[in-house]
There are 2 protein chains.
Amino acid sequence: MKLASLNEGRDGKLIVVSHDLKTATLASGVAPTLQTALEDWTNTEPKLEKLAAHLEAGKVDSFAFDANSAASPLPRAYQWLDAGAYIHHMELARRARGADMPPNALTEPAMHQGASDDFRGPTADMELIDPEHGLDLEAEVCVVLDDVPVGVSEDQAAGHIKLLMLVNDLTLRNILPGELAKGVGFIQSKVANSYSPVAVTPAALGEHWKDGKLCLPIQCHLNETLMGNPDCGVDMTFNFPRLISHAAKTRNLRAGTILGSGTVSNRDHSKGSCCLAEKRMIETGEATTQFLSTGDTVQIEVLDPNGQSVFGAIRQRVVQV
Amino acid sequence: MKLASLNEGRDGKLIVVSHDLKTATLASGVAPTLQTALEDWTNTEPKLEKLAAHLEAGKVDSFAFDANSAASPLPRAYQWLDAGAYIHHMELARRARGADMPPNALTEPAMHQGASDDFRGPTADMELIDPEHGLDLEAEVCVVLDDVPVGVSEDQAAGHIKLLMLVNDLTLRNILPGELAKGVGFIQSKVANSYSPVAVTPAALGEHWKDGKLCLPIQCHLNETLMGNPDCGVDMTFNFPRLISHAAKTRNLRAGTILGSGTVSNRDHSKGSCCLAEKRMIETGEATTQFLSTGDTVQIEVLDPNGQSVFGAIRQRVVQV
């Protein structure tokens, strides 16, 4: 099943989208918003699945699905947690700034909490306030949870993953060092994220959802040129159930929490990069890659082996504001 | 005007509370929840103020206000940002662990984003999972905002402060060092916060709201013994408008954002401490103060010069779970 939100009001309007992303139908009869659906998932999921089956069978009124009229599936959320599950990316980042890896990097995930009050749509402009900020994309996979109790085990955590999405976690690279020096996280160096047009249930991913990982490549294009297509299932040191269990060690995670993987990164550098900072790190000699400029376009997408877009594309253009 | 939320559902049920905190009336006719009221504050505020005036005049149906049936005014929020506005506290904390102050500590506030999906009520138990975690209270003042645009100036920011509350920002002191070593914020070392029974408009604070600071002492009791009563208006290096402007430098802050001052702390040590970690830091010789244990009670309250409780008391007991 695939779900999306029409761009209406602060929380969007829930719709069910066909597997091929071509058509959609209103889900207002089940729940007005994705947030409210997640809060009562046991009851809403079977009804939404039934609606999805009817949509595939052409048994309900439908309309053409257009990512440009979609908000992010959750236009805002009560929690956005972002991990560093692809340790290789962190190794490169630390090496680039001459910092050691945290001593427990391989046993304890790094994770931060970021802004979730004001997400942007999958095709919304990326607003650049100051070109000196060093705007960068970060292509990630994320999961959406129902209510997760404190102390959840990894085995139990897997069952709380209700949906997956892609995210463009925007970062202001030149503000980052000053915030890292304070050591308590990111306020100014992370700006409004955008998510993929649709959120997809683990079941709808079939064999591509395995061991708590999305086992498909993620494609990042910058100005129509492929800059990276690492496999999300490769080199992920901590899978999603492990990340959830870490986040819930001392607290409940309430329905609608979004948890991200961190920038997808493979050790095989022929797979390219999912952020410009990493591309700069692996350049030989002085880095020549520049951060994003006005007019640049970014596209983030996952295709299945048949070339079918799984989540729809995040496709954003940089505008100066 | 004073507002509170009855403990019903995930977002509570909005009520208006009398100035003396003795009576209350349902505000359902204006807005079902405080969150929805904040999202349309220009329209809802005058209606709520009118209801408050009618309540004071005995012109509406009312009932006795009981903090035990209240949730936190916002039982969950889309954003909880916590600053370190009382630099003296940070100086003591850094000195205690042999760390230097960040080079920009006096010009740039330290701020982190914490869990906001699962707040507890003002008299809810503090749940201790493991006594070795080192549970500590932190008494703070916080502001609740309407929609704040990116790049807001300090002057403009003041107008976005719609309500003030107190908060007990619970911290697991013995988990903190491992998370600080990772340098990206707190996931496991901060647990569910509780807020004061009522949220109060700046106007209702009268002369005690001045220069973007609450100018009244905050009282912290541990097991009925006063452990601190520093003045919130003294030694606050960054006032609330400055903190808001910092948080909004590169992003909007959407309605319902809660922004905290960090642990209130005066340089005059005769005023005591608002967290046990600070009490330990200023003990001569080896620290003897222990963190919270099962059965301990904590009370956090602000009284006006007439002895009237302004926000009601946060009053919580530690239970082992």
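Along each chain, residues carry numbers from 1 onward, in the same order as the chain's sequence is written. Following the order in which they are written, the chains are lettered starting with A and the ligands numbered starting with 1. Only residues with pLDDT of at least 70 are given local features in this predicted model, and only at 80 or more are side-chain atom pairs given and counted; all residues enter the totals for whole chains, interfaces and linings. Hydrogens and water molecules were not included; the side-chain quantities draw on all heavy atoms of the structure.

Engineer: Can you explain the overall build of chain A? Please cite residues and give values.
Structural biologist: By definition, any uninterrupted DSSP run of H or I lasting at least four residues is a helix, any uninterrupted run of E lasting at least two residues is a strand, and each is numbered from the N terminus. Counting its secondary structure elements, chain A contains eight helices and 21 strands. In summary, chain A has a C-alpha radius of gyration of 19 Å against a globular reference of 20 Å for 321 residues, a match within 12%. Principal-axis analysis of the C-alpha atoms gives chain A an extent of 60 × 45 × 35 Å. The buried label applies to any residue whose accessible area, calculated with a 1.4 Å probe on protein chains only, is under 20% of its type's maximum; exposed applies above 50%, and partly exposed to all values in between. Looking at chain A as a whole, 61% of its 321 residues qualify as buried. Using C-alpha atoms as the atom set, the radius of gyration is obtained and then compared with a globule rule of 2.2 Å times the number of residues to the power 0.38.

Engineer: Please set out the relation of the copies chain A and chain B residue by residue, giving values where relevant.
Structural biologist: After a rotation of 180 degrees and a shift along the axis of 0.0 Å, chain A superposes on chain B with an RMSD of 0.0 Å. Considering both components of the superposition, the chain copies are consistent with a two-fold axis. We call two residues in contact whenever any of their non-hydrogen atoms come within 4.5 Å of each other. Interface residue correspondence from chain A to chain B reaches 100%, placing this contact among same-surface, isologous pairings. The least-squares superposition of copies is restricted to C-alpha atoms, and to residues with a pLDDT of at least 70 in both copies.

Engineer: Quick rundown of unusual backbone geometry? Include the residues and the values.
Structural biologist: Phi is mostly negative for residues that are not glycine, and the peptide bonds are mostly trans. Even without glycine at this site, A:Glu224 takes up a positive phi of about 70 degrees. Inspection of the secondary structure assignment puts A:Glu224 in the loop between β17 (218-222) and β18 (225-228). With phi around 65 degrees, B:Asp235 is a residue other than glycine that occupies positive phi space. In this fold, B:Asp235 is placed in the loop between β18 (225-228) and α7 (240-247).

Engineer: Give me the domain arrangement of chain A: which residues, what numbers.
Structural biologist: All names here are of chain A. Looking at chain A, the domain boundaries give domain 1 (2-68) and domain 2 (77-320). The C-alpha-based centres of domain 1 and domain 2 are spaced at 25 Å. Taken together, the contact between domain 1 and domain 2 spans 16 residues of the former and 21 residues of the latter. Both faces combined, the contact of domain 1 with domain 2 buries some 1400 Å², and carbon together with sulfur accounts for 65% of it. Where each domain begins and ends follows an automated or database-derived domain assignment. Throughout, buried area stands for the accessible area (probe radius 1.4 Å) lost by two parts on being put together, summed over both.

Engineer: Describe the interface of chain A and chain B, with residues and values.
Structural biologist: Where interface size is given, it is often the accessible area lost as the parts come together that is meant. With 51 residues of chain A at the contact, the number on the chain B side is 51 residues. For the pair chain A and chain B, the two sides together bury roughly 4500 Å², of which 48% comes from carbon and sulfur. Interface area lost by chain A to chain B is led by A:Tyr78, A:Lys182 and A:Ile187, which between them contribute 19%. Note on definitions: salt bridges are taken to be side-chain nitrogens of Lys or Arg within 4 Å of carboxyl oxygens of Asp or Glu. Of the charged contacts in the structure, one is a salt bridge between B:Glu39 and A:Arg76, with a shortest N-O distance of 2.8 Å. Identification of polar contacts relies on pairs of N or O atoms within 3.5 Å, with a donor-acceptor requirement for protein atoms, meaning one able to donate a hydrogen and the other able to accept it, and with residues adjacent in sequence counted only if both atoms are side-chain atoms. Seen at the junction of chain A and chain B, the total is 33 residue pairs in polar contact (both at pLDDT 80 or more). Looking at the side of chain A that touches chain B, the element that brings in the most residues is strand β7 (residues 111-114) of chain A, giving four residues.

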